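Structural description and commentary
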Amino acid sequence: MNLDTQLRASISTAVATLFNQPVQQLQLQPTNAEFEGSYTLVCFPLTKISKKGPEQTATAIGEYLVANSGIVARFNVVKGFLNLVITDKVWIDVFKSIFVDKNFGLLPSNGKELMVEYSSPNTNKPLHLGHLRNNFLGYAVAEIYKALGYTVHKVQIINDRGIHICKSMAAWKLLGNGETPQSSGMKGDKLVGKYYVEFDKNYKAQIKELIDKGVSETEAEKQAPIMKQAVELLQKWEAKDVDTVLLWKTMNGWVYEGFDATYKRMGVDFEKLYYESDTYLLGKDEVLKGVEKGIFFKKEDGSVWVDLTSDGLDQKVLLRADGTSVYMTQDIGTAILRFKDFPKIEGQVYTVGNEQEYHFKVLFLILKKLGYSWADKCYHLSYGMVDLPTGKMKSREGTVVDADDLMQEMADEAEKQTRELGKIEDLADGQVKELSEMIGLGALKFFLLKVDPKKRMLFDPNESIQLQGHTGPFIQYTHARIRAIVRKAGSMGVKPNENELSQVASLEASEREVIFMINNYINKLNEAARDYSPAVVANFAFDLAKGYNQFYQSIPIFNESDQAKLKFRIAFSEVVADVLKKSMKLLGIEVPEKM
RNA sequence: GGUCUCGUAGCUCAACUGGAUAGAGCAGCUGCCUUCUAAGCAGCAGGUUGCUGGUUCGAGUCCAGCCGGGAUCACCA
């Protein structure tokens, strides 16, 4: 049985026996480093039923546990805090059960299914730093749920239609001279992005020209020829004009080739792709049904609205006066479609920036009003913006950090630092590249994931490229160093086995602490899943690596003459490496055997 | 203006959801490589948790009011 639950059960029995009262909630927490013990019971809440002071209550429980539980060696009481020392035998048993469990950290299927949407870019420009946070977050959340036994469907909706792509198309037609990724050697998404920028430049120039001629600004924005062409392309596209659709397909195709390369390097994947061009007409029927049922209402001009004022929100349009859909309508339709495609999912997670919080609040309310019970299980994984030291990223000011460029810079920097440290002598060329990629991306992913998703964060390039301290490479390094120990043990013929582990009589403090952390791994995964926060896992991995390094530095493993202890420490090291690897894997970060 | 959100060491972030003397990393200073990888470890220094009240055994955390950032309130997506 799990030590946690065992301890809780013992305490419950103690309280029930001593005070003749059932317990409600036990407040059990890790003991602060300054006191002896591993678990601490907060006794203030128990004084009501014990009818004694906090110290006496704690002492009574402590004495009972030492006498009866079989797992508590001794205790100390500081104010109302009961610090419990668990016997080393119990810790060794805990470790043993983890050591023999080859699937430790991976729960068996719980039969539940979940959908996670992330990425969901527009197809008119390349992916940037903001998308990286989005993708790493969505991917990691999906992986964390998988580890907890869920079947997870990763999806995205690609915004492949609309005025934005028509702008790139208009500029390409006008200025492209038939340029293609092949003819220019440019990555497809970059090429289309280039024409999006071209559009903007020309558009601005044309507006200025018109204003100089005395046209008003709002009028100039409409009259600019290049904008007129973009709008015309959008209309033609909606009318399924053959040439326009062909150009649209071609240019989107370029973008997808580019995206695929970027996703591959990022290490993310998707089970199913939804395209806005397929779904943008969905939802209208649902809205009309809603009107019949009286959930929505129609205004005189024919537009359809939902009234959310009783929920503290506003009125929101769902169909325009001309009967066409808006973004919300489409999202209603897509949500319903997804539950038809995957009937067993119990909910959806939308990984979308926090500027759309209002939108999702409204969406989920509407779905609930329409009678879909799963609306309660839809969650907007709302993450904060990534700021640069210079402020916000702005495409117009050219301060956008490109995803491909950034990944390359990280890998280059990793290689540079690896060379400086003189660590590549025993590696072949190909291995250097592979290692640099692993370290560079590890640094980047960890940097973006270690922060609570909900909070906006600062991306300082100089800091992100750091490979020491609170970083991914620190954890990768710890893993590699442990693997070197395990290899050495193997070559010496030291092979730990289950039975010998019990021959160890006592543990060092650093060993106890690390076992405590490993034993807490599943709790941390649950916490991360509950909060949709990979940062919990990232910080767990960091703490574990740090804890192990303290052990490593204070105890020279191979100096140990006691064979049982030596073998225990090899097994112990192996398990730490394994848990580091597994937890990092959930973040999409690989760990090396050597570095 | 309404709603939401954030404010913690010089900087970047934690704080197990109300618990003990608020912790890490970076930057700064001091030690530790003839023994398993120093991308490491140990230590020093750094704080009125934006401000003022309130709730209680106990508040960075909950409530109210200020101050200061940000987001959002389209027949855009």
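Residues numbered from 1 in each chain as written. Chains lettered and ligands numbered in written order. Predicted model: local features only at pLDDT ≥ 70, side-chain atom pairs only at ≥ 80, totals over all residues. Heavy atoms only, no water.

**Re the domain arrangement of chain A**
- Domain annotation for chain A reports domain 1 (3–86) and domain 2 (410–586).
- Of note, the centres of domain 1 and domain 2, computed from C-alpha atoms alone, are 33 Å apart. (Domains from an automatic or database assignment.)

**With respect to the protein's contact with RNA strand B**
- The immediate surroundings of RNA strand B are formed by 68 residues, with Asp 301, Lys 392, Arg 456, Tyr 477 and Asp 531 found nearest.
- Within 4 Å of the protein, the contacting atoms of RNA strand B are 58% sugar and phosphate, with bases supplying the remainder.
- Take Ala 321: an N or O atom from its main chain is 3.0 Å from a base oxygen of RNA strand B.
- Within the contact set of RNA strand B, a base nitrogen lies 3.1 Å away from a backbone nitrogen or oxygen of Ile 557.
- Contributing elements (two or more residues each) for the surface near RNA strand B: strand 1 (28–30), strand 2 (39–42), strand 4 (81–86), helix 15 (357–369), strand 14 (457–458), helix 19 (472–491) and helix 23 (534–554).
- Among the elements that make up the surface near RNA strand B, the one with the highest residue count is helix 19 (seven residues). (Near = heavy atom within 4 Å. Polar contact = N/O pair within 3.5 Å; in protein donor to acceptor, adjacent residues only side chain to side chain. Helix = DSSP H or I, 4+ residues; strand = E, 2+ residues; numbered from the N terminus.)

**Topic: the layout of surface pockets**
- The calculated volume of the second largest pocket comes to roughly 710 Å³.
- Lining the second largest pocket are 29 residues; nearest its centre among them are Thr 31, Gly 37, Ser 38, Glu 513 and Phe 516.
- Those elements that provide at least two residues to the lining of the second largest pocket are strand 3 (72–78), strand 4, helix 21 (509–519) and helix 23.
- Residues that form the lining of the second largest pocket fall into these classes: twelve nonpolar, nine polar and eight charged.
- Two domains each put at least three residues into the lining of the second largest pocket: domain 1 (3–86) and domain 2 (410–586). (1 Å grid on protein atoms, 1.4 Å probe; cavity = no way out; pocket = protein on both sides within 12 Å on 5 of 7 lines; lining within 4 Å. Points joined across faces, edges and corners; volume = space filled by probe spheres on them. Nonpolar A, V, L, I, M, F, W, Y, C, P; charged D, E, K, R; others polar.)

**Details of the packing of helix 11 (residues 242–266) against helix 16 (residues 403–420)**
- Closest axis-to-axis distance for the helix 11/helix 16 pair is 10 Å, and the angle between their directions is 35°. In the crossing of helix 11 with helix 16, the sense of the turn from one axis to the other is left-handed. Across the interface between the two elements, Thr 262, Arg 265 and Met 266 of helix 11 pack against Ala 403, Asp 404, Met 407, Gln 408 and Ala 411 of helix 16.
- When the residues that make up the contact of helix 11 with helix 16 are grouped by side-chain class, the tally is four nonpolar, two polar and two charged. (Axes fitted to C-alpha atoms, helices over the stretch in contact; angles between N-to-C directions. Left-handed = near helix turned anticlockwise from the far one by under 90°. Contact = heavy atoms within 4.5 Å.)

**Overview of the sheet that holds strand 3**
- Taken in spatial order, the four strands line up as 1-2-4-3 in an open sheet, and their pairing is antiparallel. The outermost strands of the open sheet, each flanked by one partner alone, are strand 1 and strand 3. On average, each strand axis in the sheet is tilted by 30° relative to the strand beside it, whichever way the strands run.
- Across four bridges, strand 2 lies against strand 4 in antiparallel orientation. Looking at the pairing, Leu 41 lines up with Leu 82 of strand 4. (Pairing = 2+ DSSP bridges.)

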